[in-house]
Amino acid sequence: MSEMMADNENGRIGGELLSVDNITLRFGGVKALTDISFNINKGEIRSIIGPNGAGKSSMLNVINGFYKPQEGTIRFKGKNVNMKPDLAAKSGIARTFQNIALFKGMSTLDNIMTGRMLKMKAGFLSQAIYWGRAQKEELENRAFVEEIIDFLEIQSIRKTPVGRLPYGLQKRVELARALAMEPELLLLDEPMAGMNLEEKEDMSRYIIDVNEYFGTTIALIEHDMGVVMDLSDRVVVLDYGCKLADGSPDEVSSNQAVIDAYLGVAH
Ligand SMILES: Nc1ncnc2c1ncn2[C@@H]1O[C@H](COP(=O)(O)OP(=O)(O)OP(=O)(O)O)[C@@H](O)[C@H]1O
């Protein structure tokens, strides 16, 4: 019995959460994505891989509404969505970036709270009128943020301005901020880029723990093949903006077209 079937049977992976249908994205004359289709199931860890310039970041940017494709649709929870970044965040899609996008002068705690703000329901006016309710919400938000801080083991740096932290820890704070939004789908753009081996192992463990503990569905772009093959339930491979392969890590890594693309064999 494959691991995937075992995961399905013990209920970790559910039905379709997001579907990418025939997406084509052009920048002037450059076709960044050509007719790409794949889906992401609830609870799975899904990776998007491919050589430099393959279209991976563009794909994430289409999913969270940062880029608008010329053709195709994105369905989230069974509905066609005309995604925009703020709408994506509100509807349960959070992301981290290839180059860390934190407020460098602010503390770890404050950075994570900025993620949580998006989740807060009581607006400014209702805060003024219903002080009690807003206060209760604030306490709940703080409690959730504390849970994330414990979970990612960053208690000791909670007051440190993030700009002073080593790179690996900044990446962990960025993950914490995304988690503070309680996303259903978490998009991670190269979460291990620039990390040493130990930091990569730590980050891999946190990604697996987040997936298991919070049940968060995760889509990630990563260059480190070892990491991708260890972490992922399924992998989609892009090359020159086209889909080359889609399947389990074993299927994808034995696919000849994928091997050729990584070895730089001409098409
Ligand atoms: N904003 C943009 N304007 C013009 N061209 C773009 C833009 N963003 C991406 N491209 C082009 O689209 C193609 C795909 O780029 P993309 O960054 O999505 O690839 P990638 O697989 O993420 O690459 P890498 O691994 O190097 O980050 C490239 O040819 C790139 O130059």
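Values in this document were obtained by computation on a predicted structure and should not be read as measured data.

So, how was this worked out
- Residues numbered from 1 in each chain as written.
- Predicted model: local features only at pLDDT ≥ 70, side-chain atom pairs only at ≥ 80, totals over all residues.
- Pairing = 2+ DSSP bridges.
- Helix = DSSP H or I, 4+ residues; strand = E, 2+ residues; numbered from the N terminus.
- Axes fitted to C-alpha atoms, helices over the stretch in contact; angles between N-to-C directions.
- Contact = placed C-beta atoms within 7 Å.
- Domains from an automatic or database assignment.
- Nonpolar A, V, L, I, M, F, W, Y, C, P; charged D, E, K, R; others polar.

Student: Looking at this model, I keep getting lost on the sheet that holds strand β1 (residues 16-27). Mind explaining?
Tutor: Neighbouring strands of a sheet are bound in pairs by backbone hydrogen bonds; such pairs are parallel or else antiparallel. Judged by pairing direction, the sheet is antiparallel, and its 4 strands sit side by side in the order β2-β1-β4-β5 without closing on themselves. Every other strand in the sheet has two partners, leaving β2 (30-41) and β5 (79-81) as the edge strands with one partner each. Going across the sheet, the axis of each strand differs from the next one's by a mean of 25 degrees, ignoring polarity. Relative to β2, β1 runs antiparallel, the two sharing 8 bridges.

Student: I would appreciate a short explanation of the environment of K31 in the present structure.
Tutor: Here K31 lies in strand β2. Residues K31 and T114, 83 residues apart in the sequence, show an inter-C-alpha distance of 35 Å. Contact partners of K31, with chain neighbours within four places excluded, come to R26 and G241.

Student: Looking at this model, I keep getting lost on the domain arrangement of the protein chain. Mind explaining?
Tutor: By a widely used convention, the size of an interface equals the accessible area lost when the partners come together. Per the domain assignment, the segments of the protein chain are domain 1 (1-92 + 183-267) and domain 2 (105-182). A total of 5 residues in the side of domain 1 that touches domain 2 trace back to one element, the largest contributor, which is helix α8 (residues 197-213). In terms of residue class, the side of domain 1 that touches domain 2 is built from 9 nonpolar, 1 polar and 2 charged.

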